[in-house]
Amino acid sequence: MPAPMTATPDADPFARVRDSFDRQAFMRTLDARLTQVGAGRCEAVMPIQPAFGQQHGFLHGAVVTALSDSAAGHAALSLMPPGASVLAIEYKQNFFAPATGDRLIARAEVVRAGKTVSVVTAHAFTVTNGVEKPVALLVATMMTMRDAA
């Protein structure tokens, strides 16, 4: 008689989150990478490069928003069922200070994970000589896309 089938736990339950992030061409263009992934949270980091500056020499707000949006989406994805993918359906970005320094960090955390819609925040910081400075806050609504991974 064959042995009963048992579920094999994932060796890395967040591999699909990292895989999804790595498939984003824009994140590769920004030289962004995930540095932390956990249940309902995600951190992404990128170097601040002059090529992504705006007319005053600050990192362009669209870049700050893009990294924050991606971190938020992947934090939401970490709580979604297997086979699901994530899509932003709304976000609002508040800027506190110009983004200057060596690196940009976006730390995202799910506020509420629903079956179809999740709400996530992402705090953005710049780092200069090892010192973090808050520069923005994103509040986003993410949609669970089933069977779309």
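Calculation rules
- Residues numbered from 1 in each chain as written.
- Predicted model: local features only at pLDDT ≥ 70, side-chain atom pairs only at ≥ 80, totals over all residues.
- Heavy atoms only, no water.
- Phe/Tyr/Trp six-rings, centres within 6.5 Å; stacked < 30°, edge-to-face > 60°.
- Lys NZ or Arg CZ within 6 Å of the ring centre and 35° of its normal.
- Pairing = 2+ DSSP bridges.
- Helix = DSSP H or I, 4+ residues; strand = E, 2+ residues; numbered from the N terminus.
- Axes fitted to C-alpha atoms, helices over the stretch in contact; angles between N-to-C directions.
- Contact = heavy atoms within 4.5 Å.
- Patch = residues over 30% accessible without salt bridge, like charges linked within 9 Å, V, L, I, M, F, W, Y side chains within 5 Å.
- Areas by Shrake-Rupley, 256 points an atom, 1.4 Å probe, with all protein chains shown as cover.
- Salt bridge = Lys/Arg side-chain N within 4 Å of Asp/Glu carboxyl O.
- Buried < 20%, exposed > 50% of the residue type's maximum accessible area, 1.4 Å probe, protein only.
- Expected span 1.5 Å × (residues − 1).
- pLDDT = per-residue confidence, 0-100.

(A) Seen up close, the packing of aromatic side chains. Counted by the stated rule, this structure contains zero aromatic pairs. Above the face of the Phe 125 ring, Arg 107 is positioned so that its terminal group lies 5.0 Å from the ring centre.

(B) Local environment of the pairing of strand S5 (residues 117-128). Strand direction decides the pairing type here: strand S4 (residues 103-113) and S5, joined by ten bridges, are antiparallel. When the bridges of S5 are listed, Ala 108 appears paired with Ala 122. Looking at chain direction, S5 and strand S6 (residues 131-145) are connected through twelve bridges and run antiparallel. If you follow Ala 122 over to S6, its bridge partner there is Leu 138.

(C) Highlighting the sheet that holds S5. Read from one edge of the open sheet, six strands run S1-S2-S4-S5-S6-S3, paired in antiparallel fashion. Of all the strands in the sheet, the pair left with one neighbour each is strand S1 (33-38) and strand S3 (85-95). If you compare each strand with its neighbour and ignore which way they point, the axes differ by 20° on average. The strands touched by helix H1 (residues 15-22) within the sheet are S1 and strand S2 (41-47), with S1 carrying the most contacts at an inclination of about 155°.

(D) Summary view of a nonpolar patch on the surface. Together, Val 111, Val 119 and Val 139 line one region of the surface with nonpolar side chains, adding up to about 210 Å² of accessible area. What makes Val 119 partly exposed here is its relative accessible area of 31%.

(E) Summary view of the side chain of Thr 141. Counting through the fold element by element, Thr 141 comes out in strand S6. Since its relative accessible area comes to 16%, Thr 141 is described here as buried. Setting aside residues up to four positions removed in sequence, Thr 141 forms contacts with Leu 87, Ala 88, Ile 89, Glu 90, Val 117 and Ser 118.

(F) Fine view of helix H3 (residues 61-77). Across its 17 residues, H3 extends 24 Å between first and last C-alpha, which sits within 8% of the 24 Å expected from 1.5 Å per residue. For H3, the buried fraction is high: 14 of the 17 residues fall into the buried class.

(G) Region of the structure containing the confidence of the model for the protein chain. Model confidence for the protein chain is summarised by a mean pLDDT of 92, while 91% of its residues fall at 70 or above. Scored below 50 in pLDDT, residues 1-9 makes zero contacts in the model with residues more than four places away or belonging to other chains.

(H) The arrangement of the environment of Ala 122 in detail. In this structure, Ala 122 sits in strand S5. The residues touching Ala 122, leaving out its near neighbours within four places in the chain, are Ser 68, Ala 72, Arg 107, Ala 108, Ala 136, Leu 137 and Leu 138.

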